[in-house]
Amino acid sequence: MEIEKNISIFIEQQFPGIYREDGAELVQLVKDYYEFLETQSNQSTYVSRRMFEYRDVDTTLSNMLIFFKKKFLADLPLKENTIQFIVKNILDLYRRKGTPAGIELFFAIFYQEFDVEIIYPAEKMFKISNSKWRKGTYLQLFPNTNLFLSKTEKEYSYKDLISKNITGSSSGAKAAVSRINYMILNGTKTPILFIDSVQGQFERYDDILTNINGEVVAFGRVAGSLNEIEIDEDGTVTSNNRLGDILDVSSTYGSSGKAIVTGVSDRLSGEIVYELINGGYGYTVENTRLLVSNQTLILNNSAQDFIPYERLDDGLGNQGIVIGQSVSALGVRMNTGFFSFGNPISTLDRGTNITFTPVGVVAKNETSPGTLFPDGGNANTDVIVGLLTNTSTAEIITDVVAPFVGVSINAADYETAAPMSGSASPVNLSTPLDEAFDIQTLTIGRIGRFDNIFEGSGYVNQVWALPEDDVMRTLDRRNQLLRFSDPGEASEFQPGETIIEVGTGIEGIVTSVDTTFGYISVTPFDYYGFSGTNNIRRANNDQYTIVGVGVDYDSRPFGDNAIVTSDTEFAVGRISSVAVYNSGFGYVDGESVELLRTTDGDPRASGTLRAQTQGKSNGYWADYSSHLNGFLTIPNGNDTPILPKEEFASQALRVAVGLGTTPPEFEVWLETVASDGFAYGDINMNGTFESADGEQFLKLAQGATDVLETTVTRWNDIVAPSLREQLWFEPNSQLWSYVQQYEYYDAGQKIQDSDFFQEYSYQIKSRLSKGEYEKLLKENVHLAGTKMFGDFIYKVEIPQNTKARFLRLFNDDGRGSPLDLANVNVLEASVTNFTVDTTFVTADHEPTP
């Protein structure tokens, strides 16, 4: 507001007209009096009409500046001509205390020093595995009008959301808004919120909430960004993909999305991929086999009533056992021969056997998994259990009873039916049991993995696999049923949960729960299992009373309860899974997408996307504290040197002896005369293209030390440049290879020394010595608990007899070009390593504590 300083000009209008006509002297007297009051600096009107100016530090009286200084700058020694500037900026200084910006403002205010550099040694300390990789994060919102109302009807827009903390209404995720952009997505103006310090994950349909002036305001709703892609195995399928490939995500609505390949099939067509789903229990390394079907019968098997291990026979001497089945196929492991199409096949082990004729028979293929360890006996090359977990030991008689069922009780020698494991011979009723049988100590457990499995080749059908320990399987040890005193307690357990029997310490895993009768089925990690007389304890130490234990006859026996899947892979390098690398913009949840190769746009896979969460960018290094100096690989390009491969030398020799080449144009080019008067193939330049030239090409390819110097020179200057210009050059990379180039990289990191303050210190570089500003800086902007170091640059006169040798000036820690010169007339703190040897100036940058 502007205050009128002179009011005497308005005096006449304050008198009635009769005074202005008949009393002009009185009017003039009053006017002169007011002119006196408003023109004399010591009069009330003059002062009162300028009161607002005196309150402003820019327009106040000079003799009042001392009051401003006492109020705002009580302890600061300042010159009078700087008080006005400093008073207006002192709040910024106080607010930024301890920050680089505060220190810079301190030097600008008190010393008019505007080229100050603040360095924190902690930021340049090498720390192993400490660098941070940060993903940029953003929220794509549903389109809106950019007008948001609070409950009190106050209007807000996105400009009010900058730098605010936000919360997702449903997810509870939190973040700070760094900036807001608009994009035209699918013809609609769409807001994009870029966020920092993200805690949690924002989800689709989250309302974006923030608190402004004590009110919670909603700033739109999250539409969701690309966060997952499910590969369609029946869709686009291509081979020769690799882990780490970056692919473009192509869809009807979205753009800029990228995915990285995280899983591929790298096996040849028709190979088997095995996966251990459940390690079961009761397996030994010595007796476990991985039985895999090697022939498939095609039939109507909707009932799927075949039994694993039951025998099949075609009456022609061909016999196998059932390994697995589906509604249209039966996987068989042939023991002798192979089944042929059209021959009836019968079961052999049922009370009432059946005979069937397959509608198709797939040829026998036993290239996978390879020789089995119990049969081949070589643990280094045969299929073997590579790891047993949850092991226990058991003292067991492993003799099988079945061969002796028909032997008379008083036989003279039971071993006429089958050998017995004991040392006695013959064995009869009078033989002690410990001599008739040998008690074996077996280590049993869960299968952790198989080793030495061959994938095989040439498979065209599904394959089944059964992990079997034929010794343990015949002992018929099974899961146990544990019954509780309170049937309702069974409902508190979950399949897959581990339990422990109190007192014995025996562990087990819950496989099923029956809440009706109040029991759980458990696979005990012990041959004899739970005693049933002790409580059991869960992982959270809750204990339960067991009132009974029984055998779960519906479970598979020990040594026959592991599960291994065996899928047939029909493509090489087929993409099986991807991860979102860049969410892009505009993708719609549930839409179909194609993954395209970035270089040429070829489709590599297809799938269905999910856009349910916040978006993410490619990512970047947020800091480099664990990066070392070293060399970076320069991508190959038109300027990258090349060398011949051994195939180049081989093809050159073929030309020398009169044989053709691949490609045919290679021969023509080798015999063509170059600009130096010799054929390109005549690398030794003796006037004849012969075998000796091929040998020189071979030495180049192998990096031999005795290669002729003229060979190297001619290759680099004549042969290689011409080779690169040939149309057949790129498609025939078997003839040449790039010479990988590198460049030096300086991360600027330092090894931490024994100085404690290195972690809690900062260094100031300026043209002022430390003694000039240290006391004042520590009183006003220095942060308690830290150590300040000073570093200054100065000029010094050099004696005239010094000989000038070189001058090199940097302002970039020495990483730039020698042409990147600093100003030698006015040295500044930004000249971080100034090296000079001349007759007129030198400089120093030595930190002083």
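Our structure's up above, just so we're on the same page.
Rules used in this analysis
- Residues numbered from 1 in each chain as written.
- Predicted model: local features only at pLDDT ≥ 70, side-chain atom pairs only at ≥ 80, totals over all residues.
- Heavy atoms only, no water.
- Helix = DSSP H or I, 4+ residues; strand = E, 2+ residues; numbered from the N terminus.
- Buried < 20%, exposed > 50% of the residue type's maximum accessible area, 1.4 Å probe, protein only.
- Contact = heavy atoms within 4.5 Å.
- Areas by Shrake-Rupley, 256 points an atom, 1.4 Å probe, with all protein chains shown as cover.
- Phe/Tyr/Trp six-rings, centres within 6.5 Å; stacked < 30°, edge-to-face > 60°.
- Lys NZ or Arg CZ within 6 Å of the ring centre and 35° of its normal.
- Salt bridge = Lys/Arg side-chain N within 4 Å of Asp/Glu carboxyl O.
- Arc of directions from axis to C-beta.
- Pairing = 2+ DSSP bridges.
- Core = buried A, V, L, I, M, F, W, Y, C linked by side-chain atoms within 4.5 Å.
- Axes fitted to C-alpha atoms, helices over the stretch in contact; angles between N-to-C directions.
- Patch = residues over 30% accessible without salt bridge, like charges linked within 9 Å, V, L, I, M, F, W, Y side chains within 5 Å.
- Lys, Arg positive; Asp, Glu negative; His and termini not counted.
- Charge placed at Lys NZ, Arg CZ, Asp CG, Glu CD.
- Parallel < 35°, antiparallel > 145°, perpendicular 65-115°, else oblique.
- Nonpolar A, V, L, I, M, F, W, Y, C, P; charged D, E, K, R; others polar.
- Left-handed = near helix turned anticlockwise from the far one by under 90°.
- Polar contact = N/O pair within 3.5 Å; in protein donor to acceptor, adjacent residues only side chain to side chain.

For this particular structure, what's the right way to read the overall build of the protein?
From N to C terminus, the protein includes 15 helices and 46 strands. Burial analysis of the protein (849 residues in total) assigns 40% to the buried set. For the protein, the proportion of contacts with a sequence separation of at least 24, taken over those separated by at least 6, is 68%. Taken as a whole, the protein presents about 46,100 Å² of accessible surface, with 50% of it coming from carbon and sulfur.

Quick question: what am I supposed to make of the packing of aromatic side chains here?
Given two aromatic rings, one states the distance between the centres and the angle between the planes to describe the pair. For the coordinates displayed, the defined rule picks out 31 aromatic pairs. Measuring from centroid to centroid gives 5.9 Å for Phe 142 and Tyr 205, while their planes differ by 15°, and the two rings are stacked. Residue Phe 142 is found in the loop between strand 3 (137-140) and strand 4 (148-149), and its partner Tyr 205 is found in the loop between strand 8 (188-199) and strand 9 (207-212); the two are separated by 63 residues along the sequence. Cluster of aromatic residues (ring-pair linked, three or more members): Phe 648, Phe 666, Trp 669, Tyr 680, Phe 697, Trp 715 and Trp 728. Taking the ring centre of Tyr 309 as reference, the NZ or CZ of Arg 473 above it sits at 3.9 Å.

What is the right way to look at the pattern of salt bridges in this model?
Pairing is possible between side chains that carry opposite charge, provided their charged atoms lie close to one another. For the coordinates displayed, the defined rule picks out 18 salt bridges. The closest approach of N and O atoms between Arg 767 and Glu 113, which form a salt bridge, is 3.4 Å. Placement of the pair is Arg 767 in the loop between strand 43 (761-766) and helix 15 (770-780) and Glu 113 in the loop between helix 7 (100-111) and strand 1 (117-119), with a sequence separation of 654 residues. Given the relative accessible area of 37%, Arg 767 is considered partly exposed.

How should I be thinking about unusual backbone geometry in this particular structure?
With glycine set apart, most residues show a phi of negative sign, and most peptide bonds adopt trans. Backbone torsion omega between Ser 368 and Pro 369 reads 5°, so that peptide bond is classified as cis. You can see Pro 369 is positioned in the loop between strand 22 (360-362) and helix 8 (373-376). A cis amide bond, omega 0°, links Ser 425 with the succeeding residue Pro 426. Within the secondary structure layout, Pro 426 lies in the loop between strand 23 (384-397) and helix 9 (433-436). One non-glycine residue, Asn 213, lies in positive phi territory at about 55°. Tracing the sequence through the fold places Asn 213 in the loop between strand 9 and strand 10 (215-221). We classify Asn 213 as exposed; its relative accessible area is 65%.

Sorry, what's going on with helix 12 (residues 664-671) here?
Because an α-helix completes one turn every 3.6 residues, residues spaced three or four positions apart along the sequence face the same direction. Among all positions in helix 12, only Phe 666, Trp 669 and Leu 670 are buried. In a view along the axis of helix 12, the buried residues occupy a sector of 100°, so they form one face of it. Seen from the buried face of helix 12, the exposed residues on the opposite side, beyond 90 degrees, are Pro 664 and Val 668. In this fold, the buried residues of helix 12 make contact with helix 11 (646-656) and helix 14 (709-724).

Explanation requested: the environment of Ala 329 in the structure shown.
Tracing the backbone through its elements, the reader meets Ala 329 in strand 19 (residues 329-336). Note on Ala 329: relative accessible area 8%, which makes it buried. Sequence-wise, Ala 329 and Leu 299 are 30 residues apart; in three dimensions their C-alpha atoms are separated by 5.6 Å. Ala 329 has contacts with Thr 296, Leu 297, Ile 298, Leu 299, Asn 301 and Trp 464, leaving out every residue within four places of it along the chain.

Before we go on, may I ask you to explain the environment of Ile 453 in this structure?
Checked against the element boundaries, Ile 453 lands in the loop between strand 24 (439-451) and strand 25 (465-469). Accessibility expressed as a relative area gives 23% for Ile 453, which makes it partly exposed. If near-sequence neighbours (up to four positions away) are discounted, Ile 453 is found in contact with Tyr 274, Leu 290, Pro 369 and Val 383.

Please clarify how the sheet that holds strand 27 (residues 498-501) should be interpreted in this entry.
The pairing of strands in a sheet happens through backbone hydrogen bonds and is either parallel or antiparallel. Taking strand neighbours across the sheet as the criterion, the seven strands line up as 31-30-27-28-29-26-32 in an open arrangement whose pairing is antiparallel. The sheet is open, and its two borders are formed by strand 31 (543-544) and strand 32 (546-551), each paired with just one other strand. Across six bridges, strand 28 (residues 507-514) lies against strand 29 (residues 519-524) in antiparallel orientation. By the bridge assignment for strand 29, Val 513 is matched with Ile 520.

Sorry if this is basic, but what is going on with the nonpolar core here?
One recurring pattern in soluble globular proteins is that nonpolar side chains are buried together. By size, the foremost hydrophobic cluster in this structure holds 24 residues, and its most contacted members are Phe 648, Trp 669, Leu 670, Trp 715 and Leu 723. When residues of this core are traced back to their parent elements, those giving at least two are helix 11, helix 12, helix 13 (691-702) and helix 14. When residues in this core are grouped by element, the largest group, five residues, is from helix 14.

Help me understand the sheet that holds strand 35 (residues 592-597) in this model?
Taking strand neighbours across the sheet as the criterion, the six strands line up as 11-36-35-12-13-34 in an open arrangement whose pairing is antiparallel. Strand pairing shows two members of the sheet lacking a second neighbour, strand 11 (228-231) and strand 34 (574-582), which therefore form its edges. Averaged over all pairs of adjacent strands, the angle between their axes in this sheet comes to 45°, without regard to strand direction. Of the strand pairs in this sheet, strand 12 (residues 246-250) and strand 35 are connected by four bridges, and their pairing is antiparallel. Note that in strand 35 the partner of Leu 247 across the bridge is Arg 597.

Can you walk me through a negative patch on the surface in this structure?
Taken together, Glu 228, Glu 230, Asp 232, Glu 233, Glu 275 and Asp 567 make up a surface patch of like negative charges. Mapped onto the elements of the fold, Asp 232 is located in the loop between strand 11 and strand 12. On the basis of relative accessibility, which here comes to 35%, the residue Asp 232 falls in the partly exposed class.

How should a nonpolar patch on the surface be read in this particular structure?
A contiguous nonpolar patch, built from Ile 18, Tyr 19, Leu 26 and Leu 29 and spanning about 400 Å² of accessible area, is present on the exposed surface. For the nonpolar patch, the elements supplying multiple residues, two or more each, are helix 1 (17-22) and helix 2 (24-39). Residue position: Tyr 19 is located in helix 1. We classify Tyr 19 as partly exposed; its relative accessible area is 40%.

I would appreciate a short explanation of the packing of helix 13 against helix 14 in the present structure.
For any two helices packed against each other, the geometry comes down to the angle between their axes and how far apart the axes lie. For the pair helix 13 and helix 14, the least separation of the axes is 11 Å and the interaxial angle reads 80°. Considering their axes alone, helix 13 and helix 14 lie roughly perpendicular with respect to each other. Residue-level contacts link Gln 696, Phe 697 and Leu 700 of helix 13 to Thr 711, Val 712 and Trp 715 of helix 14. The residue inventory of the contact of helix 13 with helix 14, partitioned by class, reads four nonpolar, two polar and no charged.

Honestly, the side chain of Asn 561 in this entry has me stumped. Any pointers?
Relative to the assigned elements, Asn 561 resides in the loop between strand 32 and strand 33 (563-569). Since its relative accessible area comes to 14%, Asn 561 is described here as buried.

Where do I start with the packing of helix 7 against helix 15 in this structure?
Viewed as axis vectors pointing N to C, helix 7 and helix 15 meet at an angle of 115°, and their least axial separation amounts to 12 Å. You can see that helix 7 and helix 15 cross each other, and the crossing is right-handed. On the side of helix 7, the interface is formed by Ile 103, Phe 106, Phe 107, Phe 110 and Tyr 111, while helix 15 contributes Glu 772, Tyr 773, Leu 776 and Leu 777. Split by residue class, the contact of helix 7 with helix 15 holds eight nonpolar, no polar and one charged.

Is there a simple way to think about the environment of Gln 740 in this case?
Tracing the sequence through the fold places Gln 740 in the loop between strand 41 (736-738) and strand 42 (741-745). Residue Gln 740 is classed as partly exposed on the basis of its relative accessible area, which comes to 31%. Taking the C-alpha atoms as reference points, Gln 740 and Ile 634, 106 residues apart in sequence, are found 7.4 Å from one another. Among residues more than four places away in sequence, those in contact with Gln 740 are Thr 633, Ile 634 and Asn 636. Reaching out from Gln 740, the side chain makes a polar contact with the backbone oxygen of Ile 634 at a distance of 2.9 Å.

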